[in-house]
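Understanding the architecture of this molecule
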Amino acid sequence: MCVGLSAKVIKITDGTALVDASGAKRNISVELLEDLEPGDYVMVHAGTAIAKITDEDIPETDRIMEALG
């Protein structure tokens, strides 16, 4: 099973972004997505942003991750 984590985009530079995933900050690739801005939320898998998600998706995503853990 593949699991993605939701993360908030903090800063974008040259195809990478600094994101915050539940307090853990790391750099990821954002080359698969367009029109990202700081403050947006993304789904991250294997160090790559695979989808842009809305603020409304965050609580459900967090609930699912807690159930899996």
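The present account deals with the structure reproduced in this document. Since this is a predicted model, take the numbers as computed values, not measurements. (Residues numbered from 1 in each chain as written. Predicted model: local features only at pLDDT ≥ 70, side-chain atom pairs only at ≥ 80, totals over all residues. Heavy atoms only, no water.)

Observations regarding the pattern of salt bridges
Pairing between side chains of opposite charge can happen when the charged atoms of each approach one another. Selection rule: Whenever a carboxyl oxygen of Asp or Glu lies within 4 Å of a side-chain nitrogen of Lys or Arg, that contact is scored as a salt bridge.
Under the definition given, this model contains two salt bridges. Two residues, Asp20 and Lys25, come together in a salt bridge whose shortest N-O distance is 3.6 Å.

Remarks on the nonpolar core
Spelled out, the test is: To form a nonpolar core, buried Ala, Val, Leu, Ile, Met, Phe, Trp, Tyr and Cys residues must be joined to one another through side-chain atoms within 4.5 Å. Categorising residues by exposure relies on relative accessible area from a 1.4 Å probe, with only protein chains included: less than 20% of the type maximum marks a residue as buried, more than 50% marks it as exposed, and the intermediate range marks it as partly exposed. For the purposes of this entry, the term helix denotes a DSSP run of H or I that reaches at least four residues, the term strand denotes a run of E that reaches at least two, and both are numbered from the N terminus. Contacts: residue pairs with any heavy atoms within 4.5 Å of one another.
Ala7, Val9, Ala17, Val19, Ala21, Ile28, Val30, Leu36, Val42, Val44 and Ala49 together form the largest nonpolar core, which totals eleven residues. Mapped onto this core, the elements with two or more residues apiece are strand S1 (5–13), strand S2 (16–21) and strand S4 (41–45). Among the elements that line this core, the one with the most residues is S2, at three residues. Excluding its chain neighbours within four sequence positions, the residues that come into contact with Val19 are Ala7, Lys8, Val9, Ile10, Ala24, Lys25, Arg26, Ile28 and Val42.

Quick word on the pairing of S4
This is how the line gets drawn: Only strands that DSSP links by at least two bridges are regarded as paired with each other.
Here S1 pairs with S4 via four bridges, running antiparallel. What sits directly across from Leu5, in S4, is Val44. When S4 meets strand S5 (residues 48–53), the two strands line up antiparallel, connected through five bridges. Each residue of the ladder has a partner; that of Met43, found in S5, is Ala51. Here S4 folds back onto S5, and the loop between the two strands holds two residues, one of which, Ala46, carries a positive phi near 55°.

Focus: a nonpolar patch on the surface
Selection criterion: Patch membership needs two things, relative accessible area over 30% and no salt bridge, and members are linked within 9 Å if like-charged or within 5 Å if nonpolar (Val, Leu, Ile, Met, Phe, Trp, Tyr). Using the Shrake-Rupley algorithm and a 1.4 Å probe, accessible areas are obtained, with residue cover drawn only from the displayed protein chains.
A contiguous nonpolar patch, built from Val3, Leu5, Ile64 and Leu68 and spanning about 300 Å² of accessible area, is present on the exposed surface. Inspection of the secondary structure assignment puts Leu5 in strand S1.

Details of the side chain of Ser6
Mapping Ser6 onto the fold places it in strand S1. Ser6 sits in the buried class, given a relative accessible area of 12%. Among all residues touching Ser6, those that are not within four sequence positions of it are Ala21, Val42, Met43, Ile53, Ile58, Thr61 and Asp62.

Some remarks on the pairing of strand S3 (residues 24–29)
Of the pairings in the sheet, the one linking S2 to S3 comprises six bridges and is antiparallel in character. The residue bridging Val19 from the neighbouring strand is Arg26, located in S3. Counting the residues that bridge the hairpin from S2 to S3 gives two residues, and of these Ser22 lies at a positive phi of roughly 55°.

Some remarks on a negative patch on the surface
Quick note on the threshold: Positive charges come from Lys and Arg alone, negative charges from Asp and Glu alone, with His and the N- and C-terminal ends not counted. Every charge is mapped onto a representative atom, which is NZ of Lys, CZ of Arg, CG of Asp or CD of Glu.
On the surface, a cluster of negative charge is made up of Asp55, Glu56, Asp57 and Glu60. Structurally, the position occupied by Glu60 is in helix H1 (residues 57–68).

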